Amino acid sequence: MVEVNWAELIQKKRAARDALIPEPWRLPTSITSRVSPESTASAFDLLDEAALLTDKEREITEKYDVAGLTAKIASGELSSVEVATAFCKRAAIVHQLTNSLTEIFFDKALERARWLDEYFAKEGKTIGPFHGLPITLKDMLHVKGEYSTLGYVGHLRYPAADETAVIAEILQNAGAVLYCKTNVPQTLFVCESFNNVFGRTLNPYRLCLSPGGSSAGEAAQIGLRGSIIGIGSDIAGSVRVPALCTGLYGFKPTVNRLPWAGQAVLADKGWQGVQPTLGPMAHTPQDLTLFMRTVIQAEPWRRDATALAIPWHEPAKKDKLTIGVWSQDPDFPVFPPVARCIAAAAEKLRAAGHTVKTVQAPPTLRAMKIAMRWFAIDQVNLPLKLAADGGEEPIADLDAMDPRKFLDPDFAPSLAENIAISADIHDYREDWGKIWREAGIDVLLCPASRGSAVPHGEFGPLMYTIPWNLLDVCFPSHPCYLNLLLLLLDSSQEQYHDATIVDGAPTGFQLVGWRFQDEQTLMATEVIAEALKA
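Residues numbered from 1 in each chain as written. Predicted model: local features only at pLDDT ≥ 70, side-chain atom pairs only at ≥ 80, totals over all residues. Heavy atoms only, no water.

1. Remarks on the pattern of salt bridges
Taken as a whole, this structure holds 28 salt bridges when the rule is applied. A salt bridge links Glu77 to Lys72, with the shortest nitrogen-to-oxygen separation between them at 2.9 Å. You can call Lys72 partly exposed: its relative accessible area is 23%. Note that Glu530 is salt-bridged to Lys317, the shortest N-O span being 3.5 Å. Linking Glu530 in helix H19 (residues 518–533) with Lys317 in the loop between helix H11 (285–297) and strand S9 (322–325), this pair joins segments that are 213 residues apart in sequence. (Salt bridge = Lys/Arg side-chain N within 4 Å of Asp/Glu carboxyl O. Buried < 20%, exposed > 50% of the residue type's maximum accessible area, 1.4 Å probe, protein only. Helix = DSSP H or I, 4+ residues; strand = E, 2+ residues; numbered from the N terminus.)

2. Considering the UniProt feature "active site" (unreviewed entry) in the protein
When the UniProt feature table is mapped onto this chain numbering, "active site" (unreviewed entry) sits at Lys138, Ser214 and Ser238. Spanning 101 residues, the annotated positions come together in the fold, the maximum distance between their C-alpha atoms being 10.9 Å. Filtering the just-named annotated residues for those lining the largest pocket gives Lys138, Ser214 and Ser238. With respect to the helices and strands, the residue Lys138 is situated in strand S2 (residues 134–138). Residue classification places Lys138 among the buried positions, given a relative accessible area of 0%. Apart from residues no more than four positions distant in its own chain, Lys138 is found in contact with Lys181, Thr182, Val184, Leu188, Ser214, Ser215, Glu218, Ile231, Gly232, Ser233 and Ser238. Residues within four places of Ser238 in sequence aside, it is in contact with Lys138, Leu188, Gly213, Ser214, Ser215 and Ser233. A polar contact of 2.9 Å, which involves the side chain of Ser238, links it to the side chain of Ser214. (UniProt positions renumbered as here; feature names shortened; annotations may be inferred. 1 Å grid on protein atoms, 1.4 Å probe; cavity = no way out; pocket = protein on both sides within 12 Å on 5 of 7 lines; lining within 4 Å. Contact = heavy atoms within 4.5 Å. Polar contact = N/O pair within 3.5 Å; in protein donor to acceptor, adjacent residues only side chain to side chain.)

3. Some details on the packing of aromatic side chains
Taken as a whole and judged by the stated rule, the model has 10 aromatic pairs. With a centroid separation of 5.6 Å and 50° between ring planes, the pair formed by Trp326 and Tyr464 is classed as tilted. One end of the pair, Trp326, is in the loop between S9 and helix H12 (336–351); the other, Tyr464, is in the loop between strand S11 (443–446) and helix H16 (466–471), with 138 residues separating them in the sequence. Seen in terms of ring centroids, Trp432 and Trp436 are 6.4 Å apart; in terms of plane orientation they differ by 65°. Their pairing is edge-to-face. With Trp432 and Trp436 both in helix H15 (residues 415–439) and four residues apart, the pair spans about one turn of that helix. Here Trp432 and Trp436 have matching classes, each one buried. Joined through ring pairs, the aromatic side chains of Trp326, Trp432, Trp436, Tyr464, Trp468 and Trp514 make up one cluster. (Phe/Tyr/Trp six-rings, centres within 6.5 Å; stacked < 30°, edge-to-face > 60°.)

4. A short note on the layout of surface pockets
In this structure, the largest pocket spans a volume of roughly 1,400 Å³. Together, 47 residues line the largest pocket, and Ile235, Leu266, Ala267, Trp271 and Pro383 are the ones closest to its centre. Listed by contribution, the elements that provide at least two residues to the lining of the largest pocket are strand S6 (229–234), helix H13 (364–376) and helix H14 (382–389). Sort the elements by how many residues they give to the lining of the largest pocket and H14 lands first, with three residues. Split by residue class, the lining of the largest pocket holds 25 nonpolar, 13 polar and nine charged. By volume, the second largest pocket amounts to about 520 Å³. Taken together, the elements giving at least two residues each to the lining of the second largest pocket come down to H11, H12, strand S12 (475–482), strand S13 (506–512) and H19. Of the residues that constitute the lining of the second largest pocket, the class distribution is 14 nonpolar, six polar and four charged. (Points joined across faces, edges and corners; volume = space filled by probe spheres on them. Nonpolar A, V, L, I, M, F, W, Y, C, P; charged D, E, K, R; others polar.)

Right, here's the structure in full:
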């Protein structure tokens, strides 16, 4: 067997990626020397200090939501090239501050933008609702001619993709401009951001904090406006947690509402355990709705057999909602910033005329144990096998999600165990269904994490997100406010994190809607966001 020099291949991969950043877009060493996973600096401050963006580029990347930006392009006030150039440049700067990109194809993006401008000039119309809109992609999504390493050392030997993911093709047909792909942790099964190929992605609010994961690069890019909207994936919290950690909205839809085909493989065909799904991340709930509507109205089931043939339906807006509130599991108490966030949100929603009901939930540990039994029944364990094939050991961050921590000593994978797991999920879903019916709630407001963004490697097990993946319900994460009141911290937080380090980190909550109630849940998110903003 030929011995492979992985260190050399990793160095070449990083150098090839970074060489694609144009020289005028490179940050001076006076800035980059202050970028590290130990730095307490804010990437927002460093970006301002670098002053590489023009006023026009800052306006394009900071002023608009998706609807506002595409409206400017559709009216001819902004060209697709102007917008693509601004976001490519800003993404390059954000990457240098947060280490968030894996693949860069700015040249293809600008060529695409020029073609869109030519079409607009000739036809006098746009080609779709996302005409000229730059969209980032999590690294797992294939783009023809680009690589999908997923942070695996062994994947450095893989060729470039010969296809584009179905969802990416749908977005391009709607007029989108794809320009880069974003970093993930090894195996994608942890809410952290480190892999051995690209290293660790940093949180733009404070570089020494985790941006969450596994859609870590998406969160860093969108959080610092290197992207206005992007696609992550979620099997245990991988959209909601990074959205929470970087002050964004993120949406985990019901499984198979969005097409899955055209991705780097992380599970063997036939996997029947907790199912992953793609989901958008953005700055407003309206952007999440627009994304979901655009993709589903393209009838993805006609291109991908995994996508369910459930057409988009526009729900009637409910001015007054019935909102359940589950503040915490007493066995895993939330930290004061999250408790304050949820209490403040509930109070404001009551003041806005919504009905708010406190609910008691089944133990989260019960859900975690069921889910981990299902993950442990996979004797191939492809994510770790892919790491081993490249000569890698599991990264230290994965220890928090080791299934063995949650399994009974006598656990043994078998067909009978598979059936038993399915039965336990049925019972757990029915317990939640009873709560839902008796309370008569539209959505449930609850924690997405015990705390806000935390130091790298300290996120821990996903006690507040994985129950909803197990039940395959839909839910967005909702930013609440910046965690600027940490002088009120009690000893329960201080034993975990230095208050001066997590001060200034975003926090928030998640809203949970019932299965296949995606449209209604997004509508409720918009209504709730409006009430909280007021």
